[in-house]
Amino acid sequence: MKPIYFDNNATTPVAPEVLEEMLPYFSEFYGNPSSMHTFGGQLHRKIEEARAKVAGLIGAEPEEIIFTSCGTESDNTALMSAVESYPQKRHVITTRVEHPAVLNFCKHLSRKGYRITFIPVDNSGRLDMDAFLKAIDDDTAVVSVMYANNETGVIFPITAIGGMLRERNILFHTDAVQVAGKIPINVKDLPVDMFSISGHKLHAPKGIGALYVRKGTRFYPYIIGGHQERGRRAGTENTASIIALGKSCESAKEHLDKEADYLKRLRDRLEGALLKSCPDAQVNGDTENRLPNTTNISFNYVEGEAILLRLDEYGICASSGSACSSGSLEPSHVLRAMGIPYTAIHGSIRFSLSRYNTEGEVDKVIEMMPPIIKELRTLSPYGKEESRKC
Ligand code: PLP
């Protein structure tokens with residue numbers, strides 16, 4: 001059975017044109033791009049073509065793109081580079097709602113003696129700008145604020161934040177893993193110094209990422225070895241995946257505006273219908289500034305894990321902010337930071353759509369959810385009262 005896949009913020013399918021483009025580079029053109037012979041050396045040109053396409057998606061210059069193995073490596077590299085480049089500065093600012101790729105790296109830095117400020121958010125997931133301004137000081141080496149949150153889709157005011165940091169000459173990194181390919185970006189107009197991308201969130205394979213580093217930004221490599229990526233990231237290039245990322249960025253750029261409208265329409269239809277048919281349900285996060293493909297809805301007094309299991313029986317894939325289903329021991333740190341009550345966190349479901357989803361699939365989920373919620377509320381110890389309503 002083909003799944004109804006509404007978990008695209010977790011990962012996306014590789015686009016057919018991307019797969020087609022990368023396949024010859026496994027067993028036909030398998031040379032090492034650093035080799036002197038033409039067979040290997042020709043791949044160097046293909047990598048540079050891919051670099052130009054990745055740069056093209058975000059308005060960067062090709063030489064400002066460094067290929068990495070994933071979004072996590074891009075995030076770690078950006079933070080490590082910043083603190084290594086400014087060794088006299090011992091303070092890092094980030095937010096409470098970052099992906100673990102940033103959050104846990106900052107905790108690692110904290111154990112190494114760095115002072116870390118984790119900026120809070122309000123109950124719509126919006127950054128506390130006063131706290132942010134107060135946190136900046138002469139000791140701040142870098143600020144890392146995600147462009148959009150992976151759980152709620154809430155978009156942060158990157159332009160405003162970057163503007164304030166530029167005035168103070170402080171490095172600014174943004175984890176844009178959930179944003180690249182979903183909304184238009186032009187780094188020429190964006191006051192950021194580093195910007196992380198992950199291939200598998202935009203229809204390229206897992207295991208490839210990129211880091212944009214603005215020309216003139218001090219940079220210190222995270223992976224040290226050979227001369228690849230002009231000495232900025234060692235390791236023989238993942239040629240096939242680099243070519244795939246180039247192709248996926250090219251496709252994303254081509255379809256960006258139309259696709260964003262399409263996803264928003266599907267997402268709004270799904271969200272509107274579920275809020276109408278299921279009482280005691282609400283959207284988590286600022287609905288004004290949000291990725292077009294994401295909705296995070298709390299169905300109060302139900303376990304998110306139980307909802308996911310029931311959806312799974314119908315081949316519907318989504319994810320939840322409750323502990324077990326999110327693969328961690330703790331319920332969502334993002335929803336907790338937003339002050340969402342536990343009864344709502346436990347019943348939170350994230351639906352994240354892609355260009356491959358259809359109206360028919362949305363209608364199927366709209367049809368299946370209300371009876372599932374009603375049934376689970378009847379079974380749930382704290383849902384007995386609520387079950388009569390749905
Ligand atoms: N940052 C954000 C916002 C993400 O959503 C993810 C993945 O879910 C990552 C970073 C990590 O990316 P990767 O899986 O490529 O390491």
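Our subject is the structure listed above.
Since we're looking at a predicted model, the values are computed, not measured. (Residues numbered from 1 in each chain as written. Predicted model: local features only at pLDDT ≥ 70, side-chain atom pairs only at ≥ 80, totals over all residues. Heavy atoms only, no water.)

As summarised here, the arrangement of the 7 strands in space is β2-β8-β7-β6-β5-β3-β4, forming an open sheet in which the pairing is mixed. With partners counted over all chains shown, the strands left at the sheet margins are β2 (65-68) and β4 (115-119), one partner each. Strand-to-strand, the axes of this sheet are offset by a mean angle of 20 degrees, without reference to chain direction. Relative to β4, strand β3 (residues 91-95) runs parallel, the two being bridged by 5 bridges. Residue Thr 95 lies in a different strand from β4, and its bridge partner there is Ile 119. Where helix α7 (residues 158-167) meets the sheet, it contacts β5 (140-144) and β6 (171-175), and its direction lies at approximately 160 degrees from that of β6. (Pairing = 2+ DSSP bridges. Helix = DSSP H or I, 4+ residues; strand = E, 2+ residues; numbered from the N terminus. Axes fitted to C-alpha atoms, helices over the stretch in contact; angles between N-to-C directions. Contact = heavy atoms within 4.5 Å.)

This brings us to the site of the ligand. Around the ligand, 13 residues are found, and the nearest of them are Thr 72, Asp 175, Gln 178, Ser 198 and Lys 201. Between the ligand and Gln 178, the relevant distance is 2.8 Å, taken from an oxygen atom to a side-chain nitrogen or oxygen of the residue. Contact with the protein chains covers 88% of the free accessible surface of the ligand, which is 390 Å². Residue contributions to the shell around the ligand peak at 3 residues, all from helix α4 (residues 71-85). Taken together, the residues that form the shell around the ligand break down as 3 nonpolar, 7 polar and 3 charged. (Near = heavy atom within 4 Å. Polar contact = N/O pair within 3.5 Å; in protein donor to acceptor, adjacent residues only side chain to side chain. Areas by Shrake-Rupley, 256 points an atom, 1.4 Å probe, with all protein chains shown as cover. Nonpolar A, V, L, I, M, F, W, Y, C, P; charged D, E, K, R; others polar.)

Right, let's talk about the sheet that holds strand β10 (residues 294-299) for a bit. Here we have 4 strands laid out as an open sheet, ordered β9-β10-β13-β12, and antiparallel in their pairing. The strands lining the two open edges of the sheet, one partner per strand, are β9 (281-283) and β12 (319-320). Bridge analysis of β9 against β10 gives 3 bridges, and the strand direction is antiparallel. Looking across to β10, one finds that Val 283 is bridged to Ile 297. Against the sheet, helix α9 (residues 304-313) engages β10, β12 and β13 (348-352), with an angle of about 45 degrees to β13.

The next thing to look at is unusual backbone geometry. The phi torsion at Asn 169 lies on the positive side, around 60 degrees, for a residue other than glycine. Its place among the elements puts Asn 169 in the loop between α7 and β6. Residue Asn 169 is classed as exposed on the basis of its relative accessible area, which comes to 67%. Despite not being glycine, Arg 230 shows a phi value in the positive range, around 50 degrees. Here Arg 230 shows up in the loop between β8 (209-213) and α8 (239-277). (Buried < 20%, exposed > 50% of the residue type's maximum accessible area, 1.4 Å probe, protein only.)

It is worth spelling out helix α12 (residues 359-379) at this point. Its 21 residues place the ends of α12 31 Å apart at the C-alpha level, agreeing with the 30 Å of an ideal helix rising 1.5 Å per residue. The largest bend in α12 amounts to roughly 25 degrees and is located at Met 369, with the proline Pro 370 lying one to four residues further along. What α12 keeps buried is the set Glu 361, Val 362, Val 365, Met 368, Met 369, Pro 370, Ile 372, Ile 373, Leu 376 and Arg 377. (Expected span 1.5 Å × (residues − 1). Bend = angle between axes of the 7 residues up to and from the residue.)

Looking at the secondary structure, you find Asp 7 in the loop between β1 (4-5) and α1 (16-22). A relative accessible area of 11% places Asp 7 in the buried class.

Another aspect to go through is the side chain of Ser 248. Along the chain, Ser 248 falls in helix α8. Accessibility expressed as a relative area gives 1% for Ser 248, which makes it buried. In contact with Ser 248, not counting residues within four places along its chain, are Val 18, Leu 202, His 203 and Ala 204.

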